[in-house]
Amino acid sequence: MADILLSEAEKTFILHGVRDNVRNDGRSCSEFRPIELELGLVENANGSARVRLANTDVLVAVKCEIDNPSSNFPDEGKLDFFVDCSANATPQFEGKGGEQLAVELAALMSRAYQTRESFNLSTLSIIKGMKCWKLCIDVLILECGGSLIDAISMGTKAALADTKIPKVSVIGSDEGSLELELADEADGREEPLDWHHAPCLVTLNKLEDSLLVDASAEEEACCAAALIVGVSPNKKITTTSIPGHGSFLADSKVFTRALNLAVDVGVKLNTALEAAIKKHQTLKPPPRGFLD
Amino acid sequence: MAGLQLLSEYGLRVDGRRPNELRQIRCKMGVFSQPDGSAYLEQGNTKVLAAVYGPHEVRLNRSKTHHDRAYINCQFSMAVFSTSERKRRPRGDRKSQEMDMNLNQIFESAIRTELYPRSRIDIYLEVLQADGSNFSACVNAATLALIDAGIPLKDYVCSCTSTLAPSQGGAPPTPMVDVNHVEETLGGPGLNMSTLPRLDSVVHLELSGTRLHLSHIDPVAEKASTGAADIMAVLDKAVRGHVAQCLHARELSGQGADA
């Protein structure tokens, strides 16, 4: 992410505001900036979503491939995360510059979705032990303005909600190799996924004793430590991560407070996201994309 | 796909266009706030995002500066989900590197680089959906992004592709403008031309696919050149519309002419 240069006076100004629960743009410490969500932008993909969170712009697409299941889990499908930091976001991402960040984000998303409770991989199985669906979730980061992982997790959940898996049936087997056929238009070609338990990741930045939700790039530059928590709609934590080089005092109350706040905010975020997705799916507005 | 012809007997192409029709072009400038200039362009189903950073100081690699002009750096990247078959690497492979070089050459001849010695201009392109003429759409989007960044150009850089439908029933082969993905893969020659339309100069020319007979080069090139001039009209209208909108927004916000 781009380096922000802040003077000491600006940092002090932000700090004093946060102590009174007022941030530079007028929000309270636990408020998100306005989020824009759009589904179904990418026609080539089985499902896609675009999330715009102030300056942060993320495009997530889900493509389905037929693959062999792993030998440890023969009756489950696979989820494969790939993050691409586009140079559009900052010149530092040119060539291989964004690769380290991309790998970190992809690993974090994989961990968040690892538990069977957040996403039931057995629904992706076609034939036990032989064929399964592999969902390739590709994230394209177009602009970085803070709360990157939050936007990516929201985009992933929305893209999974938009995804339709083609129905597959076996029509023949030939010496151990199987022939699969995609179902006809008339039979109901595609079925949706069960995305309702997918987690949303919330980033909390710690500034002195206050915790900031959805920190802007300037606020992130002042904060000592951050905590990323993956929260599923049923108040369960799927993953945690402390990025960067900050740390939380073990015996202070801040860490417990942070986890509780993260769960609270995460559940609210999940509810709001579900409502927005349902609204989008029922109203089916025409895709606006980047033209608007 | 067997029996799919580039040009049907009624003179219609696979997507219903006539041989001299361009696809619908929709574009928007100033899509993002972080880059100095940005643009989004759709040419039919091909969707491209361009971002321009610069002119700015060269910090890391001092060797990549010219004492008398700006250093242009372009990067062409395709999103992993842009093609119907998922792409493994967005950029860095040989084809993309060749595209980077071609873009560098094009914009080095179009940008007034002598105005910014010892500085650097970065142009980043991202193809969101690839449906043929990807390179041309990128050049057009980059032109808009450069204009949005306020970088002086000698002229609009417009790029267009053309191909030749094989002769049917004794009629001579028909040149067709603005190739889409199906037409690209069906075979035939593909001519990609980038021009400065008002200065009537060609900055880049590339022929790929099957070979083209010498007698057919003129009509095919002529088609691409006319196509580029038509694209310039669309881009010009978009730029003027965008500037009018910006001025209007400034007036409404009270900044006015005295600011």
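Here is what the cut-offs are and how they apply
Here the residue index of a chain counts from 1 through its sequence in written order. Just so you know, chain letters begin at A and ligand numbers begin at 1, following the order they were written in. Whole-chain, interface and lining totals are the exception, using all residues; otherwise, since this is a predicted model, local features are given only for residues with pLDDT of at least 70 and side-chain atom pairs are given and counted only at 80 or more. Water and hydrogen atoms play no part in the side-chain values, which are based on all heavy atoms of the structure. Every residue pair with non-hydrogen atoms within 4.5 Å of one another is taken to be in contact. Summed over both partners, the accessible area lost on bringing two parts together, with a 1.4 Å probe, is the buried area. The rule for a salt bridge is simple: a side-chain nitrogen of Lys or Arg has to be within 4 Å of a carboxyl oxygen of Asp or Glu. Nitrogen and oxygen atoms within 3.5 Å of one another constitute a polar contact, given that in protein one can donate a hydrogen and the other can accept it, and given that sequence-neighbouring residues count only through two side-chain atoms. Starting at the N terminus, helices and strands are each numbered in turn, a helix being any DSSP run of H or I of at least four residues and a strand any DSSP run of E of at least two. Working convention: axes come from line fits to C-alpha atoms, limited for helices to the stretch in contact. Angles between N-to-C directions cover 0 to 180 degrees. For classification, angles of less than 35 degrees are called roughly parallel, those exceeding 145 degrees roughly antiparallel, those between 65 and 115 degrees roughly perpendicular, and all remaining angles oblique. Crossings are classed by handedness, with left-handed meaning an anticlockwise turn of the near helix from the far one by less than a right angle and right-handed meaning a clockwise turn. For this scheme, ten residues count as nonpolar: Ala, Val, Leu, Ile, Met, Phe, Trp, Tyr, Cys and Pro. Four count as charged, namely Asp, Glu, Lys and Arg, and the remainder, Gly too, count as polar. Burial here depends on accessible area, computed with a 1.4 Å probe over protein chains only, as a share of the maximum for the residue type. Under 20% is buried, over 50% is exposed, and the range in between is partly exposed. Ring geometry is summarised as follows: Phe, Tyr and Trp rings, the Trp one being its six-membered ring, pair when their centres sit within 6.5 Å, and such pairs are stacked at plane angles under 30 degrees, edge-to-face over 60 and tilted between the two. Sitting over a ring, as applied to charges here, requires NZ of Lys or CZ of Arg to be within 6 Å of the ring centre and within 35 degrees of the ring normal. Think of pLDDT as the predictor's per-residue confidence, scored from 0 to 100. The pairing criterion is simple: DSSP has to find at least two bridges between the two strands. To qualify as a nonpolar core, a set must consist of buried Ala, Val, Leu, Ile, Met, Phe, Trp, Tyr and Cys residues joined through side-chain atoms within 4.5 Å.

Description of the interface of chain B and chain A
Tallying the contact residues gives 37 residues for chain B and 33 residues for chain A. Carbon and sulfur atoms supply 50% of the area buried between chain B and chain A, which totals about 2,900 Å² over both sides. At the boundary of chain B with chain A, the tally comes to four salt bridges. One salt bridge connects Arg86(B) with Asp138(A), and the closest N-O pair in it is separated by 2.7 Å. The tally of links between chain B and chain A comes to 19 residue pairs in polar contact (both at pLDDT 80 or more). If you list the elements that add at least two residues to the side of chain B that touches chain A, you get strand 1 (25-29), strand 2 (37-43), strand 3 (46-57), strand 4 (71-78) and strand 5 (119-129) of chain B.

Focus: the packing of helix 2 (residues 99-112) of chain A against helix 3 (residues 148-162) of chain A
Residues and elements named next belong to chain A. For the pair helix 2 and helix 3, the least separation of the axes is 11 Å and the interaxial angle reads 50°. Of the possible angle classes, the one that applies to helix 2 and helix 3 is oblique. Helix-helix and strand crossings are classified by hand; for helix 2 and helix 3 the assignment is right-handed. Residue-level inspection shows Leu-101, Leu-105, Leu-108 and Met-109 of helix 2 in contact with helix 3, the latter providing Leu-148, Ile-149, Ile-152, Ser-153 and Thr-156. When grouped by side-chain class, the residues that make up the contact of helix 2 with helix 3 number seven nonpolar, two polar and no charged.

Details of the pattern of salt bridges
All names here are of chain A. Enumeration according to the criterion identifies 27 salt bridges over all chains in this entry. Across the pair Arg-33 and Asp-214 runs a salt bridge whose closest N-O atoms are separated by 3.0 Å. Linking Arg-33 in the loop between helix 1 (8-19) and strand 1 (35-39) with Asp-214 in the loop between strand 12 (210-213) and helix 4 (217-222), this pair joins segments that are 181 residues apart in sequence. You'll find Arg-33 and Asp-214 in the same group, each marked buried. The closest approach of N and O atoms between Lys-78 and Asp-67, which form a salt bridge, is 3.0 Å. Here Lys-78, found in strand 4 (residues 78-85), pairs with Asp-67, found in strand 3 (residues 56-67); they are eleven residues apart in sequence, far enough to count as distant.

Remarks on the packing of helix 3 of chain A against helix 5 (residues 254-283) of chain A
How two helices sit against one another is set out by the angle between their axes and by the gap between those axes. Residues and elements named next belong to chain A. Closest axis-to-axis distance for the helix 3/helix 5 pair is 11 Å, and the angle between their directions is 35°. At the point where helix 3 passes helix 5, the crossing takes the right-handed sense. Contacts between helix 3 and helix 5 involve Met-154, Lys-157, Ala-158, Ala-161 and Asp-162 from the former and Leu-269, Asn-270, Leu-273, Glu-274, Ile-277 and Gln-281 from the latter. Residues that form the contact of helix 3 with helix 5 fall into these classes: six nonpolar, two polar and three charged.

Looking at the packing of aromatic side chains
Residues and elements named next belong to chain A. Applying the stated criterion across every chain, the model contains two aromatic pairs over all chains. Consider the rings of Phe-81 and Tyr-113, whose centres lie 5.4 Å apart with planes at 50°: the pair is tilted. Pair noted here: Phe-81 is in strand 4 and Tyr-113 is in the loop between helix 2 and strand 5 (125-127), with a separation of 32 residues, a long-range link. Judged on exposure class, the residue Phe-81 and its partner Tyr-113 are both buried. Stacked on the ring of Phe-73, the Lys or Arg Arg-116 has its end atom at 5.0 Å from the ring centre.

Focus on the confidence of the model for chain B
Reading fine detail from the predicted coordinates is not recommended where pLDDT is low. All names here are of chain B. Residues at a pLDDT of 70 or more form 97% of chain B, whose mean pLDDT is 89. When mean pLDDT is compared element by element in chain B, helix 2 (residues 134-149) scores highest at 96, while helix 3 (residues 181-185) scores lowest at 89. Both scores are available for the predicted complex, with the pTM at 0.90 and the ipTM at 0.86.

Some remarks on the environment of Met176(B)
All names here are of chain B. Here Met-176 shows up in strand 7 (residues 174-177). C-alpha of Met-176 to C-alpha of Val-220: the two residues are 44 residues apart in sequence and 7.5 Å apart in space. Ignoring sequence-local partners within four residues, the contact set of Met-176 consists of Leu-6, Leu-7, Arg-13, Pro-19, Thr-161, Ser-162, Thr-163, Ala-165 and Glu-183.

A look at the sheet that holds strand 6 (residues 158-165) of chain B
Either a parallel or an antiparallel arrangement is found when strands of a sheet pair, and the pairing is made through backbone hydrogen bonds. All names here are of chain B. The strand order across the open sheet formed by four strands is 7-6-8-9, and the pairing between neighbours is antiparallel. One side of each edge strand has no neighbouring strand; the edge strands of this open sheet are strand 7 and strand 9 (201-209). If you compare each strand with its neighbour and ignore which way they point, the axes differ by 25° on average. Note: strand 8 (residues 189-196) against strand 9, eight bridges, orientation antiparallel. Considered in strand 9, the bridge of Asn-192 is made with Glu-206. Running at roughly 145° to strand 6, helix 4 (residues 214-252) makes contact with strand 6, strand 7 and strand 8 of the sheet.

A closer look at the side chain of Asp214(A)
On the basis of relative accessible area, Asp214(A) is assigned to the buried category, the value being 0%. Those residues in contact with Asp214(A) that lie beyond four places of it in its chain are Arg23(A), Arg27(A), Glu31(A), Phe32(A), Arg33(A), Leu53(A), Ser147(A), Thr203(A) and Glu219(A).

Structural notes on the nonpolar core
Core analysis: the largest hydrophobic core is formed by 66 residues, its most contacted members being Tyr113(A), Phe119(A), Leu135(A), Ile141(A) and Leu160(A). Sequence-distant contacts of Ile141(A), defined by excluding residues within four places in its chain, comprise Asp57(A), Val83(A), Asp84(A), Cys85(A), Ser86(A), Ala89(A), Leu105(A), Leu148(A) and Ile152(A).

Structural notes on the environment of Arg13(B)
Residue and element names in this part refer to chain B. By secondary structure assignment, the location of Arg-13 is in the segment before strand 1. Among the residues examined, Arg-13 registers a relative accessible area of 4% and is labelled buried. Sequence spacing of Arg-13 and Ser-194 is 181 residues, and the spatial spacing of their C-alpha atoms is 23 Å. Beyond its immediate sequence surroundings of up to four residues, Arg-13 is in contact with Leu-6, Leu-7, Arg-18, Pro-19, Glu-21, Met-176, Val-177, Asp-178, Val-179 and Glu-183. At a separation of 3.2 Å, a polar atom in the side chain of Arg-13 contacts the main-chain carbonyl oxygen of Arg-18.

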